[in-house]
Amino acid sequence: MFPAQWICRRCIAASARPFNRFLIRLASTNTASALPSVLLERARKMSREHDQLAAALESNFDTKTAKRMGELSRVAEALKEWDTAQASIAELTALLESKDAKDEELEQLAQEELSSTVSSLEPLAAALSTSLTPRDPFADMPCMLEVRPGPGGMEGRHFADALFRMYRQYCARVGLRTQVVKYEVVDGSESLAANEAPLQEAVLEIQSAGAYDRFRGEAGMHRVQRIPATEKSGRTHTSAVAVWVLPSFPENSGSEEDVTDPDSLFYVNPAEVREEKMRASGAGGQHVNKTESAIRLTHEPTGITVSMQDSRSQHSNRKSAWALLQSRVAQKRREEREEAAMALRNSVLSKDRITRGDKIRTYNYSQDRCSDHRSGLDVHNLPDVLAGGEALDKVMASTKEWLIQRDIQALIAEEEASTSSAASKDAKKAKR
């Protein structure tokens, strides 16, 4: 019988120690890789600006300075949380690597704390990246949601009505205040589809604050694939519906987007608007074709035309037409400003910008599927989507996440282009 192998006391003590110490230390060595360096540098610049503005406000309060500091505060707070986590990781790693750390219980607690802090880096990096993306100037405002049928004939008109009802039911479910500004159907047409009218045009005003940020991802062409009620041979038809999402200026609001301020995007000079009074048409009672209650407004510099005849009151129609005209003019001005910014940035990502002709979503009835072509999400519960249910929540949330990631990628490209341009200029100066 062979004798047992001899082991020294130092080796026995070392083998009794937990082995996960080395593994956790390795996991914490690349914590900074979760956030691109260009974004981190941008965040530090904005945080320094925030601190300078805060110091300036202590001695002299200024409204514009306070507003700018408020815009930078979310970046400063997100960066502070990121730096706190990084400092905690460095401290815990140093503690675990210290030869003086002999308390096994303390070491175990440090390992658990380090693991927890490392796992929190990814959401902290996402929050910091999101805070750096430029916030839409209309994000906190209500919005006008316009629905119009696209290609597809009468079938497109019926599905336009289905989409309009979907957004109304969604708003009712989540508690958003709405008002139907315009709802016109095709004269002399029968509603062959179940609960669907042949819609000509509809405008829904969502009056709750922040509605524009919630619905801005819905703008674009919505495609439907289904068998129409009039189809006898069972063929699937493809139609499309156009959805516009425009910022809406709330009445009696203290917002700086003042319709009376010439510098505001919403400002429309009455001298540049041609007003026409018309007699109302369509089914509506005794006032139709007898009183000039309908109003048509034309903004001559842009050619934007708005007509309104929903109310019997000419004053009410004029008021609604002006609100819609201001929203459309503001949207056009914003698009022109964004186009100029895109051209200056000259980024490849500008090709991915959503335009009104894009087919952003498909509603396939035979497959019970709703697919968002931007986020890549497929939801197989089409009735719940069209009822404005929780399935629509998932689709809209995926679109919002896609918009955020697109803005982050554009921001990274912009920062890298700026850094490259600055390096090129420095190189030219050095040669001189």
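None of these values were measured; they are calculated from a predicted model. (Residues numbered from 1 in each chain as written. Predicted model: local features only at pLDDT ≥ 70, side-chain atom pairs only at ≥ 80, totals over all residues. Heavy atoms only, no water.)

Undergrad: Go over a positive patch on the surface with me, naming the residues and quoting the values.
TA: Together, Lys425, Lys428, Lys429 and Lys431 make up a region of like positive charge exposed at the surface. Note that Lys425 resides in helix α11 (residues 390–431). (Patch = residues over 30% accessible without salt bridge, like charges linked within 9 Å, V, L, I, M, F, W, Y side chains within 5 Å. Areas by Shrake-Rupley, 256 points an atom, 1.4 Å probe, with all protein chains shown as cover. Salt bridge = Lys/Arg side-chain N within 4 Å of Asp/Glu carboxyl O. Lys, Arg positive; Asp, Glu negative; His and termini not counted. Charge placed at Lys NZ, Arg CZ, Asp CG, Glu CD. Helix = DSSP H or I, 4+ residues; strand = E, 2+ residues; numbered from the N terminus.)

Undergrad: Summarise the packing of helix α3 (residues 37–59) against α11; cite the residues concerned and give the values.
TA: Relative to each other, α3 and α11 sit at 85°, their axes nearing to 9 Å. In terms of orientation, α3 lies roughly perpendicular with respect to α11. Judged by residue contacts, Val38, Leu39 and Arg42 of α3 engage Ile408, Leu411, Ile412, Glu415 and Glu416 from α11. (Axes fitted to C-alpha atoms, helices over the stretch in contact; angles between N-to-C directions. Parallel < 35°, antiparallel > 145°, perpendicular 65-115°, else oblique. Contact = heavy atoms within 4.5 Å.)

Undergrad: Please set out the side chain of Ser208 residue by residue, giving values where relevant.
TA: Tracing the chain through its elements places Ser208 in the loop between β3 (199–206) and α8 (211–215). If sequence neighbours within four positions are ignored, Ser208 has contacts with Met141, Pro142, Gly175, Leu176 and Arg177.

Undergrad: Account for a nonpolar patch on the surface, with residues named and values stated.
TA: Judged by side-chain polarity, Val180, Tyr183 and Val185 come together as a nonpolar surface patch covering roughly 210 Å² of accessible area. With respect to the element layout, Val185 can be found in strand β2 (residues 178–185). A relative accessible area of 37% means that Val185 is categorised as partly exposed. (Buried < 20%, exposed > 50% of the residue type's maximum accessible area, 1.4 Å probe, protein only.)

Undergrad: An account of the confidence of the model for the protein is needed here, citing residue identities and associated values.
TA: Looking at the protein as a whole, the pLDDT averages 81, with 79% of positions reaching at least 70. In the model, residues 18–29 has pLDDT below 50 throughout and makes 15 contacts with residues more than four positions away in sequence or in other chains. For residues 344–357, every residue scores under 50 in pLDDT, and the model assigns this stretch 30 contacts once sequence neighbours within four places are set aside. (pLDDT = per-residue confidence, 0-100.)

Undergrad: Go over the sheet that holds strand β10 (residues 369–372), please, and point to the residues and values.
TA: Judged by pairing direction, the sheet is mixed, and its eight strands sit side by side in the order β2-β3-β1-β5-β4-β9-β10-β11 without closing on themselves. A strand with exactly one partner marks an edge of an open sheet, and here the two such strands are β2 and β11 (378–379). Both strand β4 (residues 220–226) and strand β5 (residues 237–247) contribute to a ladder of seven bridges, which runs antiparallel. Residue pairing across strands places Val224 opposite Ser239, the latter belonging to β5. Of the strands in this sheet, β1 (143–149), β2, β3, β4, β5 and β9 (359–364) touch helix α7 (residues 153–174), which is tilted by about 15° from β3. (Pairing = 2+ DSSP bridges.)

Undergrad: Which residues make up the pattern of salt bridges, and what values do they have?
TA: For the structure on display, the rule yields 28 salt bridges. One salt-bridge network, in which partners are shared between bridges, spans Glu146, Arg148, Lys182, Glu184, Glu201 and Arg328.

Undergrad: Could you give me a rundown of the side chain of Glu201, with the residues and numbers involved?
TA: By the element assignment, Glu201 lies in strand β3. Here Lys182 takes part through its side chain, which lies 3.2 Å from a polar atom of the side chain of Glu201. Residue contacts for Glu201: discarding those within four places in its chain leaves Glu146, Val147, Arg148, Lys182, Tyr183, Glu184 and Arg328. (Polar contact = N/O pair within 3.5 Å; in protein donor to acceptor, adjacent residues only side chain to side chain.)

Undergrad: I'd love a proper account of the packing of aromatic side chains, names of residues and values included.
TA: Here the structure, examined in full by the defined rule, presents six aromatic pairs. Put simply, the rings of Phe138, Tyr212 and Phe266 pair up and form one aromatic cluster. For Arg148, the ring lying beneath its charged end belongs to Trp244, and the centroid distance is 4.8 Å. A cation over a ring is seen here: Arg226 above Tyr365, with NZ or CZ 5.1 Å from the ring centre. (Phe/Tyr/Trp six-rings, centres within 6.5 Å; stacked < 30°, edge-to-face > 60°. Lys NZ or Arg CZ within 6 Å of the ring centre and 35° of its normal.)

Undergrad: With reference to specific residues and values, describe the pairing of β10.
TA: Here β10 shows two buried faces, one formed by Arg369 and Ser371 and the other by Cys370 and Asp372. Taken together, the four bridges between β9 and β10 define a ladder with antiparallel strand orientation. Note that in β10 the partner of Arg361 across the bridge is Asp372. Inspection of the sheet shows β10 paired to β11 by two bridges, in the antiparallel sense. Directly across from Cys370, in β11, lies its bridge partner Val379.

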